[in-house]
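# Structural description and commentary
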Amino acid sequence: MSNAITWVHDEMLSPAWQSPETPSVFIFDEQWIETEQISLKRIVFMYECLLEMPGVEIRKGNVVAEVTRFAQEHHATRIVTARSPLPRLKRQGAQLATQLTVDWIDPEPIVTLPEGVDLKRFSRYWRRAEKQVLRND
Amino acid sequence: MRRDFENREQLIDYVRTEFPEAAAVSDFVSDIRGGLAAAEQQFDAVDPVAYGRTRNSLDGAVTGLSPYLRHGVLGLAETISRVKQQVDSPQSAYKLLQELAWRDYWRRVLDEIGDDVWEDQEPYKTGFDADYYQDSLPDDFVNAETGNDFVDGVVRELHETGYLHNQLRMKIAAYLVHWRRVRWQAGAAWMLSHLLDGDLASNNLSWQWVASTFAAKPYIFNQENLQHVTCGRFTGADADGASPFADSYDELNARLFPGATPQ
């Protein structure tokens, strides 16, 4: 029996993030929907994405509470999820990490940049990124 | 929650019942479908070379991939790699690859600044302090009742479809911040609420770019450019036929930013 679950969040609505042996859950974040006034059409769009991810259980409510509950139901001690720069997801991940082990999977990078690179303007980023993005695969 | 629906209407009815607060914000549903099958269909229609030539026109070969990229239905690296496979040399897809890289750039900035993405990254270069701008959206704007065909048309399009061409996003942002003197944060929050591709990084930092709090100068447009880019779909005129955009760039800059330091 697996001791991990996949926490599918709103930046990973693709079957590519699913693994058949790991139970997966997506939570519609009611606090986010309320505070950011997310409109019906966005939720329908996200729901349609989820319907093409057959193994994912869909819930709504408080994300941290629901992911924790789902992990308990599956006797899991580990949560696998995709790393994201969204502060909301970082906060939720940090809260989950106080109770369970969270494995952040990095989406495949498009460029590799040195630490502390100056991001003040796109032109400075692009000077370093251009060759990597344009190279022949 | 349920996963068994006979058709889209059933799903929409269910979502409306389960999320009454979202339906209260706006009850429209987009024709743009979610899911990998729809994303693949959209990707098949991408023409990287035509994109480079025509993307700034409303009739141009834009990709429509943003809702799928935003939600990870399509991965960014995978998309870049597939775009390159479609062309003889990556150079012929330059513009599209660069626009895809913008997404990576915005995300890196967000990763660094976090919640400060809601704060001005720099002072406005408009000659006005941040305090000068009003905090909330004007009612006539959000109700699409300004009488200006461009403004009302774009507001309705966003509310009904959850999608806007990038030129319309930039221009409606410029209108709100520079013609109506509204803080970019109010406009950014409004767009996030409606866009299917609503993305904190691209959205907020692009608003800041238009406002000039993340750029060297404010972005504006004039009526001639509006009509050209929108292929005549909008006149940019008010109900009385006059247009707030009907001037040269020099005249508009002088009128909109009288106290700005000349560039």
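These figures come from a predicted structure and were not determined experimentally.

### Considerations on the overall build of chain B
Broken down by element type, chain B carries 14 helices and zero strands. Element order for chain B, N to C, with α for helix and β for strand: α-α-α-α-α-α-α-α-α-α-α-α-α-α. The C-alpha radius of gyration of chain B comes to 19 Å, within 12% of the 18 Å expected for a compact globule of 263 residues. Dimensions of chain B, computed from C-alpha atoms along their principal axes, come out at roughly 55 × 50 × 40 Å.

### What about the overall build of chain A?
Helix and strand counts for chain A stand at five helices and five strands. Ordered by position from the N terminus, the helices and strands of chain A form the series β-β-α-α-β-α-β-α-β-α. In terms of its C-alpha atoms, chain A occupies a principal-axis envelope of roughly 50 × 35 × 30 Å. Expressed as a percentage of contacts within chain A between residues at least 6 apart in sequence, the contacts between residues at least 24 apart total 58%. Per element, the accessible surface of chain A, about 6500 Å² overall, is 49% carbon and sulfur. Of the charged side chains in chain A, 17 are positive and 19 negative, and the gap between their average positions amounts to 9 Å.

### A short note on the interface of chain A and chain B
Across the boundary between the two partners, chain A contributes 60 residues, which contact 71 residues of chain B. One can count eight salt bridges joining chain A with chain B. Linking chain A with chain B are 37 residue pairs in polar contact (both at pLDDT 80 or more), by the criterion used here. Every element with two or more residues in the side of chain A that touches chain B is listed here: α1 (30-35), α2 (40-51), β3 (56-61), α4 (87-96) and α5 (122-134) of chain A.

### Here's the deal with the side chain of Asp29(A)
Residues and elements named next belong to chain A. Relative to the helices and strands, Asp29 resides in strand β2 (residues 24-29). In terms of polar contacts, Asp29 uses its side chain to reach the backbone amide nitrogen of Gln31, at 3.1 Å. In this structure the side chain of Asp29 is engaged in a polar contact, spanning 2.8 Å, whose partner is the side chain of Gln92. If near-sequence neighbours (up to four positions away) are discounted, Asp29 is found in contact with Gly61, Val63, Arg88 and Gln92.

### Considering the pattern of salt bridges
Side chains that differ in charge, positive against negative, can pair when their charged atoms come close. For the structure on display, the rule yields 30 salt bridges over all chains. Between Glu18(B) and Lys60(A) there is a salt bridge, and its shortest N-O distance comes to 2.9 Å. Pair noted here: Glu18(B) is in helix α1 (residues 8-18) and Lys60(A) is in strand β3, and the two residues belong to different chains. Its relative accessible area of 23% is what places Glu18(B) among the partly exposed residues. Overall, the relative accessible area of 28% leaves Lys60(A) in the partly exposed class. Each of the salt bridges in this network shares a partner with another, and the network as a whole consists of Glu57(A), Arg59(A), Glu66(A), Arg69(A) and Glu73(A).

### Regarding the domain arrangement of chain B
All names here are of chain B. Assigned domains of chain B: these are domain 1 (31-114) and domain 2 (139-256). Relative placement of domain 1 and domain 2: their C-alpha centres are 23 Å apart. Contacts between the two partners involve 18 residues from domain 1, matched on the other side by 20 residues from domain 2. Both sides together, the interface formed by domain 1 and domain 2 hides about 1700 Å², and carbon and sulfur atoms give 66% of it. Summed over the shared surface of domain 1 and domain 2, the number is zero salt bridges. Applying the counting rule to domain 1 against domain 2 returns six residue pairs in polar contact (both at pLDDT 80 or more). Residue contributions to the side of domain 1 that touches domain 2 peak at six residues, all from helix α7 (residues 94-113).

### Focus on the environment of Gly153(B)
With respect to the helices and strands, Gly153(B) occurs in helix α9 (residues 149-161). C-alpha of Gly153(B) to C-alpha of Val87(B): the two residues are 66 residues apart in sequence and 36 Å apart in space.

### Considering the UniProt feature "binding site: FAD" (unreviewed entry) in chain B
All names here are of chain B. UniProt annotation of "binding site: FAD" (unreviewed entry) refers to Tyr51, Asp197, Gly198 and Asp199 when read in the numbering used here. By the secondary structure assignment, Tyr51 is in helix α4 (residues 48-54). Under the relative-accessibility criterion, Tyr51 is labelled buried at 9%. The contact partners of Tyr51, leaving out residues within four places of it in the chain, are Ala61, Val62, Thr63, Lys95, Leu96 and Glu99. Residue placement: Asp197 occurs in the loop between α11 (184-194) and α12 (200-211). For Asp197, a relative accessible area of 4% corresponds to the buried category. Apart from residues no more than four positions distant in its own chain, Asp197 is found in contact with Ser66, Pro67, Arg70, Tyr163 and Arg169.

### Some thoughts on unusual backbone geometry
With a phi close to 55°, Gln37(A) is a non-glycine residue in the positive phi region. A relative accessible area of 43% means that Gln37(A) is categorised as partly exposed. A positive phi angle, close to 55°, is found at Ala144(B), a residue other than glycine. Relative to the assigned elements, Ala144(B) resides in the loop between α8 (139-142) and α9.

### Let's talk about the packing of aromatic side chains
Given two aromatic rings, one states the distance between the centres and the angle between the planes to describe the pair. For the structure on display, the rule yields 32 aromatic pairs over all chains. A centroid spacing of 5.6 Å and a plane angle of 25° characterise the contact between Phe28(A) and Tyr47(A), whose relative ring orientation is stacked. Of this pair, Phe28(A) sits in strand β2 while Tyr47(A) sits in helix α2, placing them 19 residues apart in sequence. Each member of the pair Phe28(A) and Tyr47(A) is classed as buried. Each ring, one from Trp102(B) and one from Trp106(B), has its centre 5.0 Å from the other, and the planes form 40°; the classification is tilted. Residue Trp102(B) and its partner Trp106(B) are located together in helix α7, separated by four residues, close to a single helical turn. Ring pairs connect the aromatic residues Phe122(A), Tyr125(A), Trp126(A), Tyr94(B), Trp102(B), Tyr105(B), Trp106(B) and Phe214(B), which therefore count as one cluster. Geometry around Phe19(B) places Lys60(A) over its ring, the cationic atom sitting 5.4 Å from the centre. Positioned above the aromatic ring of Phe43(B), the side-chain terminus of Arg82(B) is 4.2 Å from the ring centre.

Quick notes on the rules
- In this convention, every chain numbers its residues from 1, walking through the sequence in written order.
- By the order in which they are written, chains take letters starting at A while ligands take numbers starting at 1.
- At least 70 in pLDDT is required for a residue's local features to be given in this predicted model, at least 80 for side-chain atom pairs to be given and counted, and no such filter applies to totals for whole chains, interfaces and linings, which use all residues.
- Heavy atoms from the whole structure form the basis of all side-chain values; hydrogens and water molecules are not counted.
- Every helix listed is a DSSP run of H or I at least four residues long, and every strand listed is a run of E at least two residues long, numbered separately from the N terminus.
- Based on C-alpha atoms, the radius of gyration is set beside the globule rule, defined as 2.2 Å times the residue count to the power 0.38.
- By definition, residues are in contact when any of their heavy atoms lie within 4.5 Å.
- Accessible areas in this description were obtained via Shrake-Rupley with a 1.4 Å probe; residue shielding takes into account the shown protein chains only.
- Positive charge is attributed to Lys and Arg, negative charge to Asp and Glu, and no charge count is given to His or to the chain ends.
- Charge placement uses NZ in Lys and CZ in Arg. For Asp and Glu, CG and CD serve respectively.
- Criterion for a salt bridge: a side-chain nitrogen of Lys or Arg within 4 Å of a carboxyl oxygen of Asp or Glu.
- Pairing of N or O atoms within 3.5 Å defines a polar contact, subject to two protein rules: one partner must be a possible hydrogen donor and the other a possible acceptor, and residues neighboring in sequence count only if both atoms are side-chain atoms.
- For the exposure calls, accessible area comes from a 1.4 Å probe over protein chains only, and a residue counts as buried if that area is under 20% of its type's maximum, exposed if over 50%, partly exposed in between.
- For the purposes of this description, domain bounds are those given by an automatic or database domain assignment.
- The term buried area means the drop in 1.4 Å probe accessible area that two parts suffer when joined, counted for both and summed.
- UniProt positions are given in the numbering used here, feature names are shortened, and annotations may be inferred rather than shown by experiment.
- Stacked, edge-to-face and tilted are the three classes for Phe, Tyr and Trp ring pairs, Trp counted by its six-membered ring, which pair at centre distances within 6.5 Å; planes under 30 degrees apart are stacked, over 60 edge-to-face, the rest tilted.
- The rule is short: NZ of Lys or CZ of Arg within 6 Å of the ring centre and within 35 degrees of the ring normal puts a charge over the ring.

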